[in-house]
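Fold and geometry: a report
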Amino acid sequence: MLALDDYPRYGRQMILDRFGLQGQLKLQNSSVVVVGAGGLGCPALQYLAAAGIGKLGIIDPDVVEVSNLQRQILHDEAKVGMPKAESAARALKQINSRLVIDAVCDALSPDNAVKLLSPYDIILDCTDNAPTRYLLSDTAAFIRKPLVSGAAQKFEGQLCTYNLEPDGPCYRCLFPTPPARELVGTCEENGILGAVTGVIGNMQALEAIKIITGLHDKKPSLLLFSALGSPPFRSIKLRSRKATCPACGNSDEKFGEINKIDYVQFCGGPTPDWESRGLSLGNPDHRISVRDFGRVCEEKREAITIIDVRPPVEFGICALPGSINVPLRELTANPHPYLSTPREIYVVCRLGNDSQIAASSLREVRTEDIKVKDVIGGLRAWTRHVDPTFPVY
Ligand SMILES: [Zn+2]
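If you check an unreviewed UniProt entry, the chain appears there as Needs CLA4 to survive protein 3 from Mycena pura. Of the chain, the UniProt comment under Subcellular location (unreviewed entry) reads exactly: "Cytoplasm, Cytosol". Per UniProt, the chain has the following entry under Pathway (unreviewed entry): "tRNA modification; 5-methoxycarbonylmethyl-2-thiouridine-tRNA biosynthesis."

Bridge count for strand 6 (residues 156-162) against strand 7 (residues 221-226) is five bridges, and the pairing is antiparallel. When the sheet's bridge partners are listed, Gln158 is paired in strand 7 with Leu224. Pairing analysis gives five bridges linking strand 7 to strand 8 (residues 233-237), with the strands arranged antiparallel. In the strand pairing of strand 8, Leu223 is matched with Ser235.

Right, let's talk about the UniProt feature "active site" (unreviewed entry) in the chain for a bit. Residues annotated by UniProt as "active site" (unreviewed entry) correspond here to Cys187 and Cys349. Relative to the elements of secondary structure, Cys187 occurs in helix 8 (residues 187-190). One can find Cys349 in the loop between strand 12 (344-348) and helix 15 (354-365). In this structure Cys349 comes out as buried when scored by relative accessible area, which is 3%. Excluding residues that lie within four positions of it along the chain, Cys349 makes contacts with Val309, Arg310, Asp354, Ser355, Gly378 and Leu379.

Right, let's get into the side chain of Thr161. Mapped onto the secondary structure, Thr161 falls in strand 6. Owing to a relative accessible area of 3%, Thr161 belongs among the buried residues under this scheme. Looking at Thr161, its side chain comes within polar contact range of the side chain of Glu207, at 2.6 Å. When residues no more than four places from it in sequence are discounted, the contact partners of Thr161 are Leu147, Val148, Glu207, Ile211 and Ser221.

Once that is clear, we can look at the packing of helix 12 (residues 290-300) against helix 16 (residues 378-385). The interhelical angle for the contact between helix 12 and helix 16, taken along N-to-C directions, is 80°, at an axis separation of 9 Å. Relative to helix 16, helix 12 is oriented roughly perpendicular. Where helix 12 abuts helix 16, its residues Val290, Arg291, Phe293 and Gly294 lie against Gly378, Ala381, Trp382 and His385.

What follows is about the sheet that holds strand 8. Spatial strand order, 3-2-1-4-5-6-7-8: eight strands in an open sheet with mixed pairing. Looking at the sheet topology across the chains shown, the edges are occupied by strand 3 (100-104) and strand 8. Mean inter-strand twist for the sheet, computed between neighbouring axes without regard to direction, equals 15°. Packed on one face of the sheet, helix 3 (residues 41-51) meets strand 1 (31-35), strand 2 (55-59) and strand 4 (122-125) and runs near 165° to strand 2. Across the sheet, helix 4 (residues 84-95) lies against strand 2 and strand 3, angled at about 165° from strand 3, the strand it touches most.

Cut-offs used in this document
- Residues numbered from 1 in each chain as written.
- Predicted model: local features only at pLDDT ≥ 70, side-chain atom pairs only at ≥ 80, totals over all residues.
- Heavy atoms only, no water.
- UniProt positions renumbered as here; feature names shortened; annotations may be inferred.
- Pairing = 2+ DSSP bridges.
- Helix = DSSP H or I, 4+ residues; strand = E, 2+ residues; numbered from the N terminus.
- Buried < 20%, exposed > 50% of the residue type's maximum accessible area, 1.4 Å probe, protein only.
- Contact = heavy atoms within 4.5 Å.
- Polar contact = N/O pair within 3.5 Å; in protein donor to acceptor, adjacent residues only side chain to side chain.
- Axes fitted to C-alpha atoms, helices over the stretch in contact; angles between N-to-C directions.
- Parallel < 35°, antiparallel > 145°, perpendicular 65-115°, else oblique.

What follows is the structure, given as structure tokens:
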């Protein structure tokens, strides 16, 4: 039954053809769990809550940071430091006080996934890392629930609904092996335009609403969005599920228990810590800490060369005084012009990864009488340990 004051609230959508009172009651009696209350999760949750979904689950282990506010629209300045799941739940309650919300501040893991996701009708994948994507897909296939998966990076996004009845594919049917880890980066590394996550997140909410109300055509497809493309949307029809898929197929190779799978290893192991990795594996004479580098800059600034290997657009945001910008690709393609100098060369980048690659490519070209060091931890560490007024982005 619909409450009397819900008629005016939902009237605009109830008068739609094929939606009606029945559609609204279906939403009210349904439940959706959103994994990740970030750039995709926030807009998805916002529209699901406003549309009158009966119960929403929110799973996110992170806390709100200032760098989230550019796109994660349920969070605000006053909530920096608060768990994202809780911050999102509070914002949604203000939109729709009748909502039932279960906010979970734990990370989804192979041990808790079935338990956390089973109570819901539909699962939204609003995460941004490969291990969680496979875990979500395998769990959704195992408990036979539709999985609405979104992804966004830079100016681009993707949308796909997996496990559609009767025989839609799962994520593993499409991508049996994970991409090489060098090819996947985070939004922190690659950048993201906030409105792009908004487009994809809204469409995830739309997919869920269509499935619940019976308006979905159940034809599996992969939607590709490019904000700068013309046209900006492309849709690719997908085949039905693979009989041989270990997650959703019916072969003997099928997975048993999901909690026996090591998803991090499957996706290439944990993300390396660039600051410490070089230290332990490289020659210590090839590297310099930001504190020592700061002293070198003070004592003999005129006698050294600082090469900043970030892309020009990042160099334009902020740079060390006197540093020259030679983007990594340019430097590795042609390191010779920078080796004619008798000066000491210090290579710096944002986080301390690219500078190691650049420094070693310089050393490979000329091994004798050259002093090249990469600055450990990059400009991020520079701000942390030497100059707190240097911008962090
Ligand atoms: Zn499959």
